[in-house]
Amino acid sequence: LNYEYCDQFVQDFEDVVKKPIVSKSSVYYTGVDLGTACVVLAVLDENYKPVAGAYRYADVVRDGMVVDYIGAIKIVRELKQELEEKLGTELIYGAAAIPPGTDDLDSGAVKNVVQAAGFEITNLLDEPTAANKVLKIQNGAVVDIGGGTTGISILKNGEVVYIADEPTGGTHFSLVVSGAYKMSFQEAEIYKRDSKNHKELLPVLKPVIEKIASIINQHIKGHDVKEISLVGGTCCLTGIEEIIEKKTGIFTHKPQNPMFITPLGIALSC
Ligand code: ATP
C-alpha cells in the first residue's frame, strides 16, 4: 500500500495554497469542491502539478445540496478572482463533484454554481471517484466523513462498486462537544475544529467515532476491503484514524489533509 504520490501531491498543494507558483502553463485546470463546511478551489497546471489553491469556510451547501445558491456563486467567484490575481491569468476550465446518488436536480445546481462563477465546466463526477484519482486505491474503501453524513464507497480494481451514505457525521461530533462542554453548537463547532483541542476531545468523541466505525463494518462486510482511506472535514480530527483502524481491523490511511483529497481529484479530472 503506497501513498507516496498522494502524500506528495497534497503536500505540494498545501505549499501552493500558501504561496502560488506563477508558471507559464498554457492551460490551467481548476477543481471546485462545494463542501458543507468548506468551499475549496484547487488549480493544476498543464502537467497536472498544483500551482494554487484557496478555500473558505462557508454554509452554502448541506449534504451535497446547494442551500444558498447566490452565496455559493459569490464564494466560488471570489475565490476564482483571488487566484486569478495571484496567478496573473484567467481560470477557464473547471470541474466539480457531487456525492454519489445525488439526483439530477442537485447535480444541476452544483453545475450551475460553477458555471455562474465563470468557469467552463469540463467534468462533473462523483466524489469518491474524484478522491480515488489521488488515493489510487485498487481494492478498498474511501470513507468520507463530512458534516451531516458519512459516505462509504467500496472500490474493486480501482472502480467504485458500492456506495452508501449514513446520517452520522461531524455535526454529531459538535453536538456531543456542545453537550459535554455546555457550549452552543456554533462554539462547539469552532472548538472542535481547533487542532489544539483534539487530544482532549478524542476520549469525549470516541463513542461517536466507534459508531461510525461500526457503520463502516456493516457496509464493508462481504467485500474484499484491504485498506480504508479517510477523507472529508471530520477526518481532520487528530487520532480518528487509530480508533477506526482498531475497530475495523483494517489498515486505515489518513492523508495529511483529508479536506484536500476530493478537490485535487476533481482538478485531475478536469
Ligand atoms: P456532508 O455533505 O456529509 O455534510 P461535506 O463533505 O460537504 O459533508 P466537509 O466539508 O468534508 O463536508 O466536512 C464538514 C465537517 O468537517 C464539519 O462537521 C466540520 O466541523 C468538520 N471539520 C472541518 N474541519 C475540521 C477540523 N479541523 N477538525 C475537526 N472537524 C473538522
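Cut-off values and rules
Residues numbered from 1 in each chain as written. Predicted model: local features only at pLDDT ≥ 70, side-chain atom pairs only at ≥ 80, totals over all residues. Heavy atoms only, no water. Core = buried A, V, L, I, M, F, W, Y, C linked by side-chain atoms within 4.5 Å. Buried < 20%, exposed > 50% of the residue type's maximum accessible area, 1.4 Å probe, protein only. Helix = DSSP H or I, 4+ residues; strand = E, 2+ residues; numbered from the N terminus. Contact = heavy atoms within 4.5 Å. Near = heavy atom within 4 Å. Polar contact = N/O pair within 3.5 Å; in protein donor to acceptor, adjacent residues only side chain to side chain. Areas by Shrake-Rupley, 256 points an atom, 1.4 Å probe, with all protein chains shown as cover. Nonpolar A, V, L, I, M, F, W, Y, C, P; charged D, E, K, R; others polar.

A short note on the nonpolar core
Counting residues in hydrophobic clusters, the biggest one holds 30 residues, and the most contacted among them are L34, V39, L41, V43 and V76. Of all the secondary structure elements, the ones that give two or more residues to this core are β1 (29–34), β2 (38–44), β3 (50–57), α2 (69–87), β6 (93–98) and α3 (104–116). Those residues within four positions of V76 in sequence are excluded, and the remaining contacts are V32, L34, V39, L41, V113, A117 and F119. Counting residues in each nonpolar core, the second largest holds 28 residues, with V143, I145, I240 and I243 among its members.

Digging into the site of the ligand
Near the ligand, the surroundings consist of 21 residues, among which T36, D63, G148, E189 and K192 are the closest. In the environment of the ligand, an oxygen atom lies 2.7 Å from a nitrogen or oxygen atom belonging to the side chain of K192. When isolated, the ligand has an accessible area of 660 Å², and the protein chains bury 91% of it. Contributing elements (two or more residues each) for the shell around the ligand: α5 (170–181) and α6 (185–193). Of the residues forming the shell around the ligand, the biggest block, 3 residues, is contributed by α6. Of the residues belonging to the shell around the ligand, the class tally is 4 nonpolar, 13 polar and 4 charged.

Section: the environment of E46
The topology assignment puts E46 in the loop between β2 and β3. Accessibility expressed as a relative area gives 33% for E46, which makes it partly exposed. Dropping the residues within four chain positions of it, E46 is found in contact with K24, S25, S26, V27 and Y29.

Here we look at the side chain of T262
Secondary-structure assignment places T262 in helix α9 (residues 261–268). The buried category is assigned to T262, whose relative accessible area is 6%. The contact partners of T262, leaving out residues within four places of it in the chain, are D33, E127, A130, A131 and V231.

Don't take any of this as a statement about function, it's just geometry.
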